[in-house]
Amino acid sequence: MSHSESHSESHSENPKSAYDFWERLYVPALIKGMAITTRHFLRNLWSERDDNTEVLERKTQSLMATVEYPEQRVPYPTGYRGKHRLVPREDGKPRCVACYMCATACPSQCIYIEAGEYAPSDTNTASRVIEKYPTVFMVDVLRCIVCGLCVEACPKDALRMDTSVHTSPELERKAFLYAKERLLAGEPTQHPNDPWRHRKSSDEPLHAHKEAHTRIGEDP
Amino acid sequence: MRRLTITVAFLTIFASLFGGMAAAYALGGYLESVWYTGASALSNLVILMLVFVMVIATLLTLAERKWSALMQNRVGPNRARIHLPGLSSRSLAGIPHIIADVVKMLTKESFTPKAANRFFYALAPILSFAPIFALFAIVPAGPTLPVFGHEVAMVVANPSFGLLYLFALASLAVFGTVLAGWASNNKFSLLGGIRACAQMISYEIALGLSLVGLMMAFASIQLAGDSGMMEQQAQYLWGIQLDGFDVGIPAWGILIQPVGFLLFFAAAFAETRRTPFDMTECESEIIGYFVEYSGMRFGMFMVAEFVEMIVFSAILTTLFLGGYHLPFGGQWFANLAFFKDYPWVYGATMGMVFWLKVLVLIYIQMNIRWTYVRFRYDQIQKLGWKILIPLGILNIFVTGALLLMDTSMRSLGLLGILEILLILILISSSPKSSLHKPIGQNEALPSHH
């Protein structure tokens, strides 16, 4: 009769004792416990610490999984939603056309936009082809739940959360209201269908070839 | 690189222990020659107790956190930095934390609750620290040697009532704990104090009983001295000479009284009130008898805990691990020609051996503290009254009977070795699977039908 058989038999009779004979002897189990602790101690003491921030890819015998935070940072995964940014155009102005789609989509209502109109006399051709721009674009990052719905909603690729930077600590509540100047950051971006772009052979902006994009009140 | 660092750290420990003991002998010999015979007791008081014990206790405050971190796969404290060029990027193994802690303890407000009994509130930290600290006075840390033509004994005091002094002072420590619990006028601290009282008094008995066998075997209660308990452990139960090199089974306390060793270790551990015997603290529940203390008064309790660990390790070493004696080759080592010319080198080496044994025992205590979970209150009392005390009494009877048969301690040693072998067999033969199975795996699931 093997040991384990008698063990399980005694269990069916007396389900209260979850420990077998060896465990109830106590001292061997105690000393084994100390051996485990000592093994961890020696292993962590003797082996070099691998400070790879990818903890699972650490190679040395050391079992420590610590990442020393302010000095070392675990890289954010791709698709991480960081701090908002307003994507600039080539001329440094925001791509935003103040359509309020992001503010409407926002479940926590943290985006505040005031729209302004480009004057017809504006000499900047890029600005002339679009009607509106935000005079105020403010994100209250204390209200923001970082869901990314504003980015999804934006029809102009004007708002992104690809900075991989999380909200920085501030001393005042006011400082968490990110204004347009603070949000406008990062690489300028342009797309082939941006209305202010020109065909190579033409001085006219792209949209001039389409009726629908003609500016209201402007002479055709 | 890390291995090199750690090897250097170990060598530094050895060297500083050696250097400290060498300084103790030199200062003792100097004081003996310029002052009066027996003046070395004063230098021992300063170097052994104020320097060795206190420095080790200070380092242990960090070691406790650092070692526990290593046992739990953490890094441990490393954020305190010394802001000097070249040092600010190094954690220096957390050593700056000691300085930071000391500064914090000393500069924090030492608060006294309004309803507290001010006198006893102030007295309690002293009472819990002083007796434990004074315990070390009877522990010999090295051999008696002639330095500068005078005999220097490496012990502060060698009273003929050695072990009685130990029991008397060890039982005084409970007053500090209970007073702290009562005088701070806080329900939680009172709970802690009452638990401490109950626990320490029940383990006091086991502490006393565990050493009776050893007293009978050595026919002495003096620790140091030629006929003291430590010197008697230098002899061999069975020993032979191989070209002047002596090998054999030494008459160490742990070999002739393994049960006594386990009992004393458990009882002393309970006296230090550390996990698994930390009913008095219960950090997660009642915080303990010192819940109202802050600043250096709390620091006294904390240092007292570490001093208690060192002192009990030192006493365990003296009584059970042969003190500063080597397990074999001790006579050969002592008779080397080099040591005849420079006896202080021999003394410092032996002192280093003593402190290394103490450090190993401290590590074992730390290991126990960070491995086991706390006992329940009734389990502590059950262990004390139903296991340790009957075992202690049984040990006395068995030891007495064997000593009546054979006064040379050989049959005692034979029994002890058999007991140790039995424990080793139990450890190695217990099936591994039973320890790794989740509890309750074999229980049938409750059926709803």
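Just so you know, these numbers come straight off a predicted model, no measurement behind them. (Residues numbered from 1 in each chain as written. Chains lettered and ligands numbered in written order. Predicted model: local features only at pLDDT ≥ 70, side-chain atom pairs only at ≥ 80, totals over all residues. Heavy atoms only, no water.)

Time to look at the overall build of chain A. Along chain A, the regular secondary structure elements total seven helices and five strands. Beginning at the N terminus, the succession of helices and strands in chain A can be written as α-α-α-β-α-β-α-β-α-β-β-α. Split into buried and exposed, the 220 residues of chain A put 32% on the buried side. Counting only contacts in chain A whose residues sit at least 6 apart along the sequence, the fraction spanning at least 24 positions is 60%. (Helix = DSSP H or I, 4+ residues; strand = E, 2+ residues; numbered from the N terminus. Buried < 20%, exposed > 50% of the residue type's maximum accessible area, 1.4 Å probe, protein only. Contact = heavy atoms within 4.5 Å.)

Along chain B, the regular secondary structure elements total 16 helices and four strands. Here the C-alpha radius of gyration of chain B, 24 Å, is about what a compact globule of 449 residues would show, namely 22 Å. For chain B, buried positions account for 51% of its 449 residues. Across chain B, contacts joining residues at least 24 apart in sequence account for 77% of those joining residues at least 6 apart. When the accessible area of chain B is evaluated, it comes to approximately 20,600 Å², of which 71% is carbon and sulfur surface. With 27 positive and 23 negative side-chain charges, chain B shows a spacing of 13 Å between the two charge centroids. (Rg over C-alpha atoms; globule rule 2.2 N^0.38 Å. Areas by Shrake-Rupley, 256 points an atom, 1.4 Å probe, with all protein chains shown as cover. Lys, Arg positive; Asp, Glu negative; His and termini not counted. Charge placed at Lys NZ, Arg CZ, Asp CG, Glu CD.)

This next bit is on the interface of chain A and chain B. With 35 residues of chain A at the interface, the matching set in chain B holds 35 residues. Summed over both partners, the interface of chain A with chain B buries about 3,300 Å², with 62% contributed by carbon and sulfur atoms. Taken together, the links from chain A to chain B amount to two salt bridges. In this structure, the salt-bridge partner of A:Glu71 is B:Arg79, at a minimum N-O distance of 3.1 Å. Taken together, the elements giving at least two residues each to the side of chain A that touches chain B come down to helix H1 (3–13), helix H2 (21–25) and helix H3 (27–46) of chain A. Looking at which element gives the most residues to the side of chain A that touches chain B, the answer is H3(A), with 14 residues. Looking at side-chain class alone, the side of chain A that touches chain B contains 18 nonpolar, 10 polar and seven charged residues. (Buried area = accessible area lost by both parts, 1.4 Å probe. Salt bridge = Lys/Arg side-chain N within 4 Å of Asp/Glu carboxyl O. Nonpolar A, V, L, I, M, F, W, Y, C, P; charged D, E, K, R; others polar.)

This part is about unusual backbone geometry. One non-glycine residue, A:Asp157, adopts positive backbone phi at about 50°. With respect to the helices, strands and loops of the structure, A:Asp157 is situated in the loop between helix H6 (149–153) and strand E4 (159–160). Note on A:Asp157: relative accessible area 22%, which makes it partly exposed. A positive phi is found at B:Ala219, a non-glycine position, where the angle reads about 50°.

Take the packing of aromatic side chains next. Two aromatic rings, taken as a pair, are described by how far apart their centres are and by the angle between their planes. Residue and element names in this part refer to chain B. Applying the stated criterion across every chain, the model contains 33 aromatic pairs over all chains. With a centroid separation of 4.8 Å and an interplanar angle of 65°, the aromatic rings of Tyr289 and Phe290 are classed as edge-to-face. In terms of burial, Tyr289 and Phe290 fall into one category: buried. Through pairs of rings, three or more aromatic residues link up here, namely Tyr203, Phe261, Phe264, Phe265, Phe269, Phe277, Phe312, Phe320 and Phe375. Here Arg369 stacks its cationic end above the ring of Trp370, 4.1 Å away from the centre of that ring. (Phe/Tyr/Trp six-rings, centres within 6.5 Å; stacked < 30°, edge-to-face > 60°. Lys NZ or Arg CZ within 6 Å of the ring centre and 35° of its normal.)

Now for empty space enclosed by the protein. All names here are of chain A. Applying the stated criterion across every chain yields a total of two cavities of 30 Å³ or more. The calculated volume of the largest cavity comes to roughly 70 Å³. Taken together, 15 residues make up the lining of the largest cavity; nearest its centre are Cys96, Cys99, Cys102, Cys154 and Ala158. Grouping the amino acids of the lining of the largest cavity by side-chain chemistry returns 14 nonpolar, no polar and one charged. Put simply, the second largest cavity is a space of about 50 Å³. The wall of the second largest cavity is formed by His84, Cys106, Pro107, Ser108, Cys110, Cys144, Ile145, Val146, Cys147, Gly148, Cys150 and Met161. Partitioned by chemical class, the residues of the lining of the second largest cavity number nine nonpolar, three polar and no charged. (1 Å grid on protein atoms, 1.4 Å probe; cavity = no way out; pocket = protein on both sides within 12 Å on 5 of 7 lines; lining within 4 Å. Points joined across faces, edges and corners; volume = space filled by probe spheres on them.)

Let's shift gears to the pairing of strand E3 (residues 132–140) of chain A. All names here are of chain A. Summarising the sheet, strand E2 (residues 111–117) and E3 pair through seven bridges and their orientation is antiparallel. Considered in E3, the bridge of Ala115 is made with Pro134. Bridge count for E3 against strand E5 (residues 177–178) is two bridges, and the pairing is antiparallel. Bridging across to E5, Val139 finds its partner in Tyr178. (Pairing = 2+ DSSP bridges.)

Right, let's get into the nonpolar core. In terms of nonpolar packing, the biggest core is built from 108 residues, with B:Leu211 and B:Trp355 touching the most fellow members. Apart from the residues within four sequence positions on either side, B:Leu211 is in contact with B:Leu163, B:Leu166, B:Phe167, B:Phe264, B:Leu319 and B:Phe320. By size, the runner-up hydrophobic cluster in this structure holds 20 residues, among which are A:Leu86, A:Val139, A:Cys144 and A:Ala158. (Core = buried A, V, L, I, M, F, W, Y, C linked by side-chain atoms within 4.5 Å.)

Looking now at the sheet that holds E3(A). One open sheet holds the three strands; their spatial order is E2-E3-E5 (chain A), and the pairing between them is antiparallel. This sheet does not close on itself; its edge strands, each paired only once, are E2 and E5 of chain A.

Below, the discussion takes up the environment of B:Met200. Residue and element names in this part refer to chain B. Its place among the elements puts Met200 in helix H6 (residues 187–218). For Met200, a relative accessible area of 0% translates into the label buried. A sequence separation of 27 residues divides Met200 from Ala173, and the C-alpha atoms of the two residues are 9.0 Å apart. For Met200, the contacting residues outside a window of four places in its chain are Ala173, Val174, Thr177, Glu271 and Arg273.

Packed helix pairs are specified by the crossing angle of their axes together with the interaxial distance, meaning the distance between the axes. Between H3(A) and helix H15 (residues 410–429) of chain B, whose axes approach to 9 Å, the crossing angle comes to 70°. When the interaxial angle is binned, H3(A) and H15(B) end up roughly perpendicular. Touching A:Pro28, A:Ile31 and A:Lys32 of H3(A) are B:Ile423, B:Leu426 and B:Ile427, all from H15(B). In the contact of H3(A) with H15(B), the residues fall into five nonpolar, no polar and one charged. (Axes fitted to C-alpha atoms, helices over the stretch in contact; angles between N-to-C directions. Parallel < 35°, antiparallel > 145°, perpendicular 65-115°, else oblique.)

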